[in-house]
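This is what each chain is made of:
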Amino acid sequence: MRPSRAGAALLAALGLLAVTPLAILDLLWIGPQMFGAGLGADGLFAAIGLVMFAGALLPLACLALAVPAWRDSRRAQRLGVGLALFIALLALGPTQSLSPLSWIWGGRWLLVVVAAAAALTLALAARSEHGDGQVGLGRAPRALTAGLALVFVAGALLGRVGDSIPFAPSGLLAGELREGSQPAAQPLAAAPTARARGLLAGQGSTIHNDGAMSDVYYGRRAIDPAEAEVRSFRALGDCASILFDDDGRLVAVCVGGTRIVAYVLDPETLEPLAERRLGDRTLGLDFATNFAGGGYAVLDHRGRLVVPGSDGSIDRFLVDGDTIEPIDGFDVAATLAPDESITSALPDDTRRLWYVGSAGTVGVVDPRGGEPRSIRFEGTEVENSFALAPGGGAFVVTSEQLVRLRIGADGGPRIVWARDYDNGERLKPGQTSRASGTTPTVMLGGRFVAITDNAEPRMNVQVYAARSGELACEVPVFASGESATENSLIAAGRSLFVENNYGYKLLEVTAGHTGEPGVARIDFDPATRTCAPIWENDDVHIPSVVSKVSADDGQMLTYTKPAKPTGIDAWYFTAIDAGTGEVLWERLAGAGPLANNHYAALYLGPTGNLYVGAVGGVIGLVLSSR
């Protein structure tokens, strides 16, 4: 076979193997809409849309150029060499998950081999004596270019005028609702945690519900998924913190690559009632895994929004239905390390603001006056929020220790006790740092506090005595070499619930891929100080969500993404029986990368509606009364 025909055949094969057909369709639909939505509003969002659209063009260009390359078009052959080499380079990175070969062992390298062979043979063809060298590209590439230009313009215009999240068309092939056959779950025997008086009363003041970071709801039952509908609000950012004001409205703080924006949303329609840009973020290489500067927000005892800024300040805003107005701010930059950002801030029972910094700073500032004071745990990171200790003080997890602190005589934080934990041997896939990954969870009236470590080959759920810091018990969970979590434990009475986030990466849970499976329940006996595994479900895939438990329903509410070798990219609201670990139901929330929650939390609203923060905004499973 002449080099031109061999090269053209390899180029066509490369076009079929580089990206799955469903992924091409998804990228062509979502990319232009992201570009249109971000144009003039968020440059990073628009740029990512362009990259997604280009990702669909590469395999199509390979197929379009294969025909003229077969006919000895020197121009097509030279362009094919460049395309093949570029695809080989991409195959060495995270985008290899878009290829159908990514489902087989060594598929990445097979794709590289095909691309390299195509580039080599096309280069030989372009230098051979066959053909007159005058053959043009032909009609196929020109027609494809014109058609794709129309698709891009139409999609960009749709993105400009739309206000909901553009989901991937592959979701049309996914099941909308799947229900289990087991009987209804039974309520859990658990008592609500004591209210942290510095936070808004109720169960919607923090990303983890309350100051204890329990992640448990009481007196709320999730709506029937068969009677609800899915709605979404596009926000151009990951809406990790969704809080609830006294009237049940959503207060969502959404963090993009370069900006932090707060919205007040109608709980049924997700219509924006108020919007305010709270601040800017410096775009860095870690923008996708850095939660500092807006990732965590809370409502204080008066319903004021408290948000750590990216400039070393803690800012407060008045949220009043259709307005979000700045009140004041507290500059604590002098207490931080150079280039350190504030990860989270919480008001305690005395109304003092505790805060933690990404480089290991723990500080306290009194809004009524006085200088901020802090201590620093050198050489460590604090990537998650912290818990308020009943009676005063805080529990903080650094990348090396679980620490209990209190207010000292000078008004600053002082260490009560600090306990080392096993932070492992590596940064596991699915984690933002080599550390626990959990916000501390206070349980059983403040007598105990729970975290996970990062041990190998299996991480452990650990329970510590709150007063002394003594390790009460620990138990390993999930598969050997494949266990990690980046979300807080759920504490309902004596029961702890933990999910496995091992394997999650933003760019790799695409085209049907997901993280490793696993969710488990561990019961703790405070009398004997022992931990006992109750159940472990090794089939459910929870890539990265902050899951919740409804004690009255006896359900663990979560956000799942099953593995689908067909390439369908589907995300589901999911309920798990807290007593047995069996899946009760799954309801499709959306498909594609913008439906990915990316470490954001799931929430159960006052009327039973479910909400989840997503890369593209907010998704709700709602029962409308309108």
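Small disclaimer: the values here were computed from a predicted structure and weren't measured.

**What about a nonpolar patch on the surface?**
A cluster of nonpolar side chains, F86, L89, L92 and W109, forms an exposed patch at the surface whose accessible area comes to about 450 Å². Within the secondary structure, L89 is located in helix 4 (residues 74-91). Its relative accessible area of 55% is what places L89 among the exposed residues.

**Digging into the packing of aromatic side chains**
Under the defined criterion, the tally for this structure stands at 11 aromatic pairs. With 5.2 Å between their ring centres and 45° between their planes, F35 and F152 make a pair best called tilted. Within this pair, whereas F35 is found in helix 2 (residues 21-38), its partner F152 is found in helix 6 (residues 139-161), the two being separated by 117 residues in sequence. The buried category is assigned to F35, whose relative accessible area is 17%. Taking the relative accessible area as the measure of exposure, F152 reaches 16% and is therefore buried. Look at Y559 and F573: their rings are 5.7 Å apart centre to centre, the planes differ by 65°, and that puts the pair in the edge-to-face class.

**A word on the side chain of S436**
With respect to the helices, strands and loops of the structure, S436 is situated in the loop between strand 19 (413-420) and strand 20 (441-443). Here T438 takes part through its side chain, which lies 2.6 Å from a polar atom of the side chain of S436. Among the polar contacts made by the side chain of S436, one reaches the main-chain carbonyl oxygen of T452 at a distance of 2.6 Å. Setting aside residues no more than four positions away along its own chain, S436 makes contact with V397, Y421, Q431, I451, T452, D453 and T485.

**Here we look at the sheet that holds strand 34 (residues 617-622)**
Sheet strands associate in pairs through backbone hydrogen bonding, adopting either a parallel or an antiparallel arrangement. The four strands lie next to each other as 3-34-33-32, forming an open sheet whose pairing is antiparallel. Unpaired on one side and paired on the other, strand 3 (229-234) and strand 32 (602-604) mark the two borders of the sheet. Across the sheet, the axes of successive neighbouring strands diverge by a mean angle of 20°, strand direction being ignored. As paired strands, strand 33 (residues 610-614) and strand 34 are joined by five bridges and run antiparallel to one another. Bridging from a neighbouring strand, A614 pairs with G617 of strand 34.

**Some details on the nonpolar core**
One finds F497, Y559, F573 and I619 to be the most contacted residues of the largest nonpolar core, which totals 110 residues. With 10 residues, helix 3 (residues 43-70) is the single largest residue contributor to this core. Contacts of F497, omitting those with residues within four sequence positions, involve L188, L489, I490, A492, A520, R521, W535, V549, M556 and A578. In this structure, V356, F377, A394 and I451 belong to the second largest nonpolar core, which totals 42 residues.

**Some thoughts on a negative patch on the surface**
A cluster of acidic residues, E536, D538, D539 and E582, forms a negative patch at the surface. Within the fold, E536 resides in strand 27 (residues 530-537).

**With respect to the sheet that holds strand 16 (residues 387-388)**
Taken in spatial order, the four strands line up as 16-17-18-19 in an open sheet, and their pairing is antiparallel. With one partner strand each, in any of the chains shown, strand 16 and strand 19 form the two edges of the open sheet. Bridge analysis of strand 18 (residues 401-407) against strand 19 gives seven bridges, and the strand direction is antiparallel. Residue pairing in the sheet places L405 in a bridge with I415 of strand 19.

**Quick look at helix 2**
In this model helix 2 runs 26 Å from its N-terminal to its C-terminal C-alpha over 18 residues, within 8% of the 26 Å that 1.5 Å per residue would give. Of all 18 residues in helix 2, 15 are buried; the element is thus mostly enclosed.

**Observations concerning the state of the cysteines**
Going through the model one piece at a time under the given rule, you end up with two disulfides. A sulfur-sulfur separation of 2.0 Å characterises the disulfide bridge that pairs C239 with C254. Torsion about the S-S bond of the C239 and C254 cystine: about 100°, corresponding to right-handed handedness. Linking C239 in strand 4 (residues 238-244) with C254 in strand 5 (residues 250-255), this pair joins segments that are 15 residues apart in sequence. By the burial criterion, C239 is buried, and C254 matches it. One disulfide bridge connects C473 with C531, the sulfur atoms lying 1.8 Å from each other. Its torsion about the S-S bond being 45°, the disulfide of C473 and C531 is classed as right-handed. In this pair, C473 sits in strand 23 (residues 471-476) while C531 sits in strand 27, placing the two residues 58 residues apart along the sequence.

**Regarding helix 4**
Between its first and last C-alpha, helix 4 extends 26 Å over 18 residues, near the 26 Å set by a 1.5 Å rise per residue. Looking at helix 4, one finds that the buried residues are R74, A76, Q77, G80, V81, L83, A84, I87, A88 and A91. Residues of helix 4 that are buried sit in contact with helix 1 (3-18), helix 3 and helix 5 (107-127).

**A closer look at the pairing of strand 26 (residues 519-525)**
In terms of burial, strand 26 is a largely internal element, six of the seven residues being buried. Of the strand pairs in this sheet, strand 25 (residues 495-499) and strand 26 are connected by five bridges, and their pairing is antiparallel. Its bridge partner being in strand 26, L496 is matched across the sheet by I522. Inspection of the sheet shows strand 26 paired to strand 27 by seven bridges, in the antiparallel sense. Residue pairing across strands places R521 opposite W535, the latter belonging to strand 27. Hairpin geometry of strand 26 and strand 27 is characterised by an intervening segment of four residues between the two adjacent antiparallel strands and by a positive phi of about 55° at R529.

The rules we used
- Residues numbered from 1 in each chain as written.
- Predicted model: local features only at pLDDT ≥ 70, side-chain atom pairs only at ≥ 80, totals over all residues.
- Heavy atoms only, no water.
- Patch = residues over 30% accessible without salt bridge, like charges linked within 9 Å, V, L, I, M, F, W, Y side chains within 5 Å.
- Areas by Shrake-Rupley, 256 points an atom, 1.4 Å probe, with all protein chains shown as cover.
- Salt bridge = Lys/Arg side-chain N within 4 Å of Asp/Glu carboxyl O.
- Helix = DSSP H or I, 4+ residues; strand = E, 2+ residues; numbered from the N terminus.
- Buried < 20%, exposed > 50% of the residue type's maximum accessible area, 1.4 Å probe, protein only.
- Phe/Tyr/Trp six-rings, centres within 6.5 Å; stacked < 30°, edge-to-face > 60°.
- Polar contact = N/O pair within 3.5 Å; in protein donor to acceptor, adjacent residues only side chain to side chain.
- Contact = heavy atoms within 4.5 Å.
- Pairing = 2+ DSSP bridges.
- Axes fitted to C-alpha atoms, helices over the stretch in contact; angles between N-to-C directions.
- Core = buried A, V, L, I, M, F, W, Y, C linked by side-chain atoms within 4.5 Å.
- Lys, Arg positive; Asp, Glu negative; His and termini not counted.
- Charge placed at Lys NZ, Arg CZ, Asp CG, Glu CD.
- Expected span 1.5 Å × (residues − 1).
- Disulfide = S-S within 2.5 Å.

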